[in-house]
Every structure is written in C-alpha cells, then in structure tokens.
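Understanding the architecture of this molecule
What follows is the residue order along each chain.
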Amino acid sequence: MSRVYNFSAGPAVLPLEVLQNAQADLVDYKGCGMSVMEMSHRGKDYDAIHQEAIATFKELCGLGDDWSVCFIQGGASMQFAMIPMNFLGAGQSADYANQGTWSNKALKQAQMIGNVNVVANCQKDIPTRMPANDEFKWTAGAAYSHICTNETISGAELKVIPDSGSPLIGDMSSDILSCERDYSKFTMFYAGAQKNLGPSGMAVVAIRKEFAEKGSTSIPTMLQYRTYVDENSLYNTPPTWGIYIFGETMKWVKKMGKENLFKLNAEKAKKIYDVIDGSGFYRGTALKEYRSNMNVTWRLPTEELEAQFIKEATAAGMKSLKGHRSVGGIRASIYNAFPMAGVDCLVDFMKEFEKKNG
Ligand SMILES: *Cc1c(COP(=O)(O)O)cnc(C)c1O
C-alpha cells in the first residue's frame, strides 16, 4: 500500500481505519449479503446506520432533542440557496458577513432572493483575516445572520463566535468538529461533508426544529428544511453510502476522543506556523490572530519558488499543496484525519527547502 500525504482542501483525506472498515464491509455488510450501497433505505439494516450516524454527531456537538440533523444533497453550496429561500421573506432582511470566497458566495445567493445587509467586509484583505468581534454591524430585527467560521481558501478562522442578536447560521464546512465550539450559539450550522465529515455529495445540516418550522411553505418540498426534519432525511432516497461513511467517521472521532483530536489539530497547525514564523523565507497569508488550524496558507519569495516547492513536495509524496488560484502560494489542508506524520514530513521538507533555496 502506498498512501500519499494528501493535503487536499476537499474532497480530503479520510481516516484510514474508516476506509479499511468500509473495504472489509463493502461486498457483504455485516452478514447482510449486500453492500450498504445496495440496500433499501427503508430497511432495518440501513435504518440502524442512519440513526447511529445522527446520534453520534449530535452527541459530539452536544445537541439536544430540539435539534434535527439533516442530510441534504447539493453540498454546502446548495445551502447558500436554501437558507434564503426558506428564511428570507419579502419585507425582511438578513445579515451576512463577507469574510472570504465562501461567505461571499453565500451572500450572493441570498441577494438573488431578498434584502441583504453586509455586516462586515474583509473578503479581499491581504493578509487574509476575519472580522474582529466589534467590527460586525448587526442589524436589529434581521431574519437571521450568516457567518463562515473558517474560510478554506484564505486560511482564516473565526476564533470567537459572535453574538449577532438574530438566529445565527454558520457555514462550518472546513472546521466543523475540529476545535472546541459552543454549537448552542447557533440556530443552524452546516458543512459540506467532504472536508471533515466524510465523502462529497451532501451537506450535514444541524437545525433547531422550531426554526425549520418557520421556513417558507411556498417553495418546493425538497427545498424546505421541514421536509428533512419531519421525515428524518428519508423523504426521498438519501445518499446512503455517504451517510454510512459519515457515521463511521463520527465513530472514529468519538473513539479518538474529541478533546484529543482538537489538541492534536492545534499541535499540527502550530508545527507548520512555527516554521513559517522562524524563517525569513516563508510568509503566512493570514493575520496571526485569525490563522486557521485546518487550512494553513503561506507564500514564498517568488511564484517560481512556489512552483518549485509544490513540484518537489509532490515528488516526495506530499500531494495537493498548491494554494487556491485566488490567493496563490501554498495551502496545507490538515483536517481531523490528516496524520501528524504527514505534518512532520512537510515541516522537514520546508526546512530543507529553505536551506537550499533561501
Ligand atoms: C468547500 C466549501 C464550501 C462548498 O462546499 P460544496 O460542498 O462544494 O458546495 C462552502 N463553504 C466552505 C467554507 C467550504 O470550505
């Protein structure tokens, strides 16, 4: 077996143990005589998988009975549209923080539906950053407010969840369950599964049931949150394989111990940031106080050196380190499942590369 160190921003590395267990169960899932992919979503074998996945996620996030966890296809991007379709009615307005590429995409979708107030704007700032807590200009009476907790492309992360004064919705696609968060501050949060939760193809959406009930009833059934809440995401055929891998990944998080995992995540990021800070060669892309522990971004003195860095790292078994074209440079995405050994390998490589080229 020759697994590389996969620094991809998404779809991203999954726990090896999860992949191996899925492989063992692929053809005959625990004596059912068929794969999870082949079984009815109405049968008792699949039902157990579905319920356990939801229960484990709720336990990890500390969500009570007033919350529903839904599996919705179309990724996080579909949520950008569904949120205003459900909750931004005529005569209302919603608050959006414009913090980077992803939150900008979210607010643009909302602007197609209704009135949006941009409550903070640092989308194009270099160094990349997040709004300071006192920078948000929240609107009294907003239908809801939307933030992104971690901007995957810029490598900036919100360290403190703000009090918006209206139902708070968070795009947590790239840092969900990666650090200590008070999820009770939110009315709804969601994540495209392919970064910290499982395979691509769906968003995991946690929503307070009473909020879902307030959504529009004049949009198609499949776009209403209440459909997913009322039918436990089984109104139509859900992405069963993705939900199964998500459930296995949540079990892995639970087994690792989330506190251990959170600590490990901080240590992994610190190792890379320490090399950046200890060198005159590498330059962090994000302001220090907003540095992401999931997506570490930095520049080299020239674009030629960046290209050479990526080429040599790839040859050494470290894949997908190229930064997003909008910010350039290098990006190391080191989600929950990314191993410490891969970070050590990168850090050694960075020091060696600086010695040779600095
Ligand atoms: C990746 C990402 C998205 C888009 O997710 P899709 O599932 O591809 O739609 C949205 N927001 C953030 C913060 C992301 O990292």
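Definitions and cut-offs
- Residues numbered from 1 in each chain as written.
- Predicted model: local features only at pLDDT ≥ 70, side-chain atom pairs only at ≥ 80, totals over all residues.
- Heavy atoms only, no water.
- Pairing = 2+ DSSP bridges.
- Helix = DSSP H or I, 4+ residues; strand = E, 2+ residues; numbered from the N terminus.
- Axes fitted to C-alpha atoms, helices over the stretch in contact; angles between N-to-C directions.
- Contact = heavy atoms within 4.5 Å.
- Phe/Tyr/Trp six-rings, centres within 6.5 Å; stacked < 30°, edge-to-face > 60°.
- Buried < 20%, exposed > 50% of the residue type's maximum accessible area, 1.4 Å probe, protein only.
- 1 Å grid on protein atoms, 1.4 Å probe; cavity = no way out; pocket = protein on both sides within 12 Å on 5 of 7 lines; lining within 4 Å.
- Points joined across faces, edges and corners; volume = space filled by probe spheres on them.
- Nonpolar A, V, L, I, M, F, W, Y, C, P; charged D, E, K, R; others polar.
- Domains from an automatic or database assignment.
- Near = heavy atom within 4 Å.
- Polar contact = N/O pair within 3.5 Å; in protein donor to acceptor, adjacent residues only side chain to side chain.
- Areas by Shrake-Rupley, 256 points an atom, 1.4 Å probe, with all protein chains shown as cover.
- Salt bridge = Lys/Arg side-chain N within 4 Å of Asp/Glu carboxyl O.

Further remarks concern the sheet that holds strand 9 (residues 188-192). Strands sit in the order 2-10-9-8-5-3-4 across an open sheet of seven strands; the sheet is mixed. Two strands close off the open sheet at either side, each with one partner strand: strand 2 (67-73) and strand 4 (115-121). Averaged over all pairs of adjacent strands, the angle between their axes in this sheet comes to 20°, without regard to strand direction. Across the sheet, helix 4 (residues 101-113) lies against strand 3 (93-98), strand 4, strand 5 (145-148) and strand 8 (168-171), angled at about 160° from strand 3, the strand it touches most.

Turning our eyes to something else, we now look at the environment of Phe-353. Mapping Phe-353 onto the fold places it in helix 10 (residues 340-357). C-alpha of Phe-353 to C-alpha of Leu-107: the two residues are 246 residues apart in sequence and 40 Å apart in space. Residue contacts for Phe-353: discarding those within four places in its chain leaves Phe-281, Tyr-282, Leu-300, Leu-305, Gln-308, Phe-309, Glu-312 and Gly-358.

What follows covers the sheet that holds strand 11 (residues 283-284). Through backbone hydrogen bonds, the strands of a sheet pair up, either in parallel or in antiparallel fashion. The strand order across the open sheet formed by three strands is 11-12-14, and the pairing between neighbours is antiparallel. Every interior strand has two partners, whereas the edge strands, strand 11 and strand 14 (330-333), have only one. The pairing of strand 12 (residues 295-299) with strand 14 spans four bridges and is antiparallel. For Trp-298, the partnering residue across the bridge sits in strand 14 and is Ile-330. Contacting strand 11, strand 12 and strand 14, helix 8 (residues 258-277) runs over the sheet at an angle of about 10° to strand 12.

Let us look at the packing of aromatic side chains. Applying the stated criterion across every chain yields a total of 23 aromatic pairs. Both rings, one in Phe-80 and one in Trp-102, keep their centres 6.4 Å apart while their planes meet at 50°; by these two values the pair is tilted. Here Trp-102 lies in helix 4 and Phe-80 lies in helix 3 (residues 75-87), a separation of 22 residues in the sequence. Owing to a relative accessible area of 3%, Phe-80 belongs among the buried residues under this scheme.

Moving on, we come to the layout of surface pockets. It is a probe the size of a water molecule, rolled over the atoms, that shows where empty space is left. By volume, the largest pocket is sized at about 370 Å³. Surrounding the largest pocket, 21 residues form its lining, Arg-3, Val-13, Leu-14, Ala-337 and Pro-339 being those nearest its centre. Among the elements of the structure, strand 1 (5-6), helix 1 (16-25), helix 7 (240-256) and helix 8 are those that each provide at least two residues to the lining of the largest pocket. For the lining of the largest pocket, the residue count by class is 16 nonpolar, two polar and three charged. Counting contributing residues per domain, the lining of the largest pocket is built from domain 1 (16-255) and domain 2 (258-357), each supplying no fewer than three.

All right, on to the site of the ligand then. Taken together, 14 residues surround the ligand, and among them Ser-77, Thr-152, Asp-171, Gln-194 and Lys-195 come closest. Ala-76 is positioned with one of its backbone polar atoms (N or O) 3.0 Å from an oxygen atom of the ligand. At 2.6 Å, a side-chain N or O of Ser-77 approaches an oxygen atom of the ligand. Surface burial for the ligand is 88%, taken as the share of its 390 Å² of free accessible area covered by protein chains. In terms of residue count, the dominant contributor to the shell around the ligand is helix 3 (four residues). Residues that form the shell around the ligand fall into these classes: four nonpolar, eight polar and two charged.

Time to look at the domain arrangement of the chain. If you check the domain split of the chain, you get domain 1 (16-255) and domain 2 (258-357). A straight line from the C-alpha centre of domain 1 to that of domain 2 covers 27 Å. Where domain 1 touches domain 2, the interface holds zero salt bridges. Along the contact surface separating domain 1 from domain 2 lie 14 residue pairs in polar contact (both at pLDDT 80 or more). Counting residues per element, the ones that place at least two in the side of domain 1 that touches domain 2 are strand 7 (156-157) and helix 7. Along the lines of polarity and charge, the residues of the side of domain 1 that touches domain 2 split into 12 nonpolar, nine polar and six charged.

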